[in-house]
Amino acid sequence: MKTLNLAVIGKDVSKSLSPEMHAFIAEKTGNKVDYRKISVPEEEFEGSIESLISGLDGFNITIPYKLSIIRHLEKTVGDATSFGAVNTVKARTGYNTDGEGFSLMLVNNGVDIGGKNVLLIGAGGAGRSVAKKLIEGGAAVDLYDLHYENALSVGGVRALKEIEVKPYFLIVNASGVGMHKTEGISPVGEEVLRGCDVALDLIYTPEKSKFLQIAESLGKKIINGAAMLFYQAYYAECIYFDRTANEAEAKRLFEEYKENIK
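Notes on the structure follow.

Conventions adopted
Residues numbered from 1 in each chain as written. Predicted model: local features only at pLDDT ≥ 70, side-chain atom pairs only at ≥ 80, totals over all residues. Heavy atoms only, no water. 1 Å grid on protein atoms, 1.4 Å probe; cavity = no way out; pocket = protein on both sides within 12 Å on 5 of 7 lines; lining within 4 Å. Points joined across faces, edges and corners; volume = space filled by probe spheres on them. Helix = DSSP H or I, 4+ residues; strand = E, 2+ residues; numbered from the N terminus. Nonpolar A, V, L, I, M, F, W, Y, C, P; charged D, E, K, R; others polar. Expected span 1.5 Å × (residues − 1). Bend = angle between axes of the 7 residues up to and from the residue. Buried < 20%, exposed > 50% of the residue type's maximum accessible area, 1.4 Å probe, protein only. Contact = heavy atoms within 4.5 Å. Pairing = 2+ DSSP bridges. Axes fitted to C-alpha atoms, helices over the stretch in contact; angles between N-to-C directions. Salt bridge = Lys/Arg side-chain N within 4 Å of Asp/Glu carboxyl O. Phe/Tyr/Trp six-rings, centres within 6.5 Å; stacked < 30°, edge-to-face > 60°. Lys NZ or Arg CZ within 6 Å of the ring centre and 35° of its normal. Polar contact = N/O pair within 3.5 Å; in protein donor to acceptor, adjacent residues only side chain to side chain.

### Let's talk about the layout of surface pockets
Consideration 1: Taken as a whole, the largest pocket holds about 1,500 Å³ of empty space.
Consideration 2: In this structure, the largest pocket is lined by 50 residues; those nearest its centre are T62, I63, S175, G176 and M179.
Consideration 3: Secondary-structure elements contributing two or more residues to the lining of the largest pocket are β3 (58-61), α5 (125-136) and α9 (226-240).
Consideration 4: Per element, the largest residue contribution to the lining of the largest pocket is 4 residues, and it comes from α5.
Consideration 5: Partitioning the lining of the largest pocket into residue classes produces 22 nonpolar, 19 polar and 9 charged.
Consideration 6: If you add up the space inside the second largest pocket, you get close to 500 Å³.
Consideration 7: As for the second largest pocket, its lining consists of 21 residues, of which E207, N224, A226, F254 and K258 are closest to the centre.

In structure tokens form, the structure reads like this:
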């Protein structure tokens, strides 16, 4: 059995759980991976990405390179094309499994967004993926990004220059604020979170970001990004190994994974 040489590439992936998740998924599905973490400073990305691509069978790409990787690929397909962002690469083809991971996370947490108002914070690669899936699910999406033009570039949403205090069924933090150097900071405060029913943070480390801590203190349902990370990893491995994805299998494996790491 061939062992695939894989990696996650980002500005700082030192705390990434991707290697553990991918190794677990591979073992449970009868495959083998050698999965590494590769942190690349922004000033070195353009000069090093070509050698990284040629040395790997495939890789996941994360903050802040989900858009800039595209010019180094031969093509994008599926969600990667419609989102304009890539999180998975195989044979110089860009894919995006973030949206599928996000949608399955909502389903498995019993969150129905149909006809609901949603505030999405962050219009980067992950935010774009989430926006599209929210719209496909029938939600009305207000999108805020620190750079207003980024929010304007996402179709089907209402771009905000400032976050408004109003009732939202769901507030999603896709900005990355709350991890690494911004740990302990929330992109919004109590006045905004008080009006929501569900707070969802794509961050998974720490387990409860400041954003989720505030929401929980207000009695809101909270969800962190661990499930989305696992599910997008599952869908990525289906791409790497040419397997057909199965939602029931993905859910079962995530439940096993959670038990395995306790």
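### Looking at helix α2 (residues 42-54)
Consideration 1: Here α2 is 13 residues long and its end C-alpha atoms lie 19 Å apart, about the 18 Å a rise of 1.5 Å per residue gives.
Consideration 2: Within α2, the axis deviates most sharply at S48, by approximately 55 degrees.
Consideration 3: For α2, the set of buried residues is F45, I49, L52 and I53.
Consideration 4: Residues of α2 that are buried in the fold lie against β1 (3-10), β2 (32-39) and β3.

### Comments concerning the sheet that holds strand β7 (residues 117-121)
Consideration 1: Reading across from one edge, β9-β8-β7-β10-β11-β12 is the order of the 6 strands in this open sheet, with parallel pairing throughout. Taken across any chain shown, the strands that pair with only one partner, and hence form the sheet edges, are β9 (158-160) and β12 (221-223). Here the average twist between neighbouring strands, direction ignored, is 20 degrees.
Consideration 2: In the packing of α5 onto the sheet, the strands contacted are β7, β8 (140-144) and β10 (168-173), and the crossing angle to β7 comes to about 170 degrees.
Consideration 3: Across the face of the sheet, helix α8 (residues 210-217) comes into contact with β10, β11 (196-201) and β12 while running at roughly 160 degrees to β11.

### What about the environment of L200?
Consideration 1: By the secondary structure assignment, L200 is in strand β11.
Consideration 2: It is 4.7 Å that separates the C-alpha atoms of L200 and I223, two residues lying 23 residues apart in sequence.

### Things to note about the pattern of salt bridges
Consideration 1: One pass over the structure, following the stated rule, counts 17 salt bridges.
Consideration 2: K90 is the salt-bridge partner of D242, the closest N and O atoms lying 3.1 Å from each other. Residue D242 is located in the loop between α9 and α10 (247-260), and its partner K90 is located in strand β5 (residues 88-90); the two are separated by 152 residues in the primary sequence.
Consideration 3: The class for D242 is exposed, based on a relative accessible area of 65%.
Consideration 4: As a salt-bridge pair, K166 and D142 come within 3.2 Å of each other at their nearest N and O atoms. In this pair, K166 sits in the loop between β9 and β10 while D142 sits in strand β8, placing the two residues 24 residues apart along the sequence.
Consideration 5: Relative accessible area serves as the criterion here: at 30%, K166 is assigned to the partly exposed category.
Consideration 6: Here the salt bridges share partners, and the residues they tie into one network are D142, R158, E164 and K166.

### Structural notes on the side chain of D79
Consideration 1: By the secondary structure assignment, D79 is in helix α3 (residues 79-83).
Consideration 2: According to the relative accessible area criterion, D79 is buried, its value standing at 17%.

### A closer look at the packing of aromatic side chains
Consideration 1: This model, assessed by the stated rule, comprises 8 aromatic pairs.
Consideration 2: Their ring planes at 45 degrees and their centres at 5.3 Å tell us that F230 and F254 sit as a pair that is tilted. Highlighted residues: F230 in helix α9 and F254 in helix α10, separated in sequence by 24 residues.
Consideration 3: The exposure class assigned to F230 is buried, which follows from its relative accessible area of 0%.
Consideration 4: Residue classification places F254 among the buried residues on the basis of a relative accessible area of 7%.
Consideration 5: Here a set of aromatic residues connected by ring pairs shows up, and it is made of F24, F230, Y231, F254 and Y257.
Consideration 6: Looking at K116, its charged tip hangs above the ring of F169, at a distance of 4.0 Å from the centre.

### Some details on the side chain of Q232
Consideration 1: Relative to the assigned elements, Q232 resides in helix α9.
Consideration 2: Given the relative accessible area of 7%, Q232 is considered buried.
Consideration 3: A polar atom in the side chain of Q232 sits 3.0 Å from the side chain of N87.
Consideration 4: At 3.1 Å, the side chain of Q232 forms a polar contact with the backbone oxygen of L229.
Consideration 5: Beyond its immediate chain neighbours, meaning those up to four positions away, Q232 contacts N60, N87, T97, D98 and G101.

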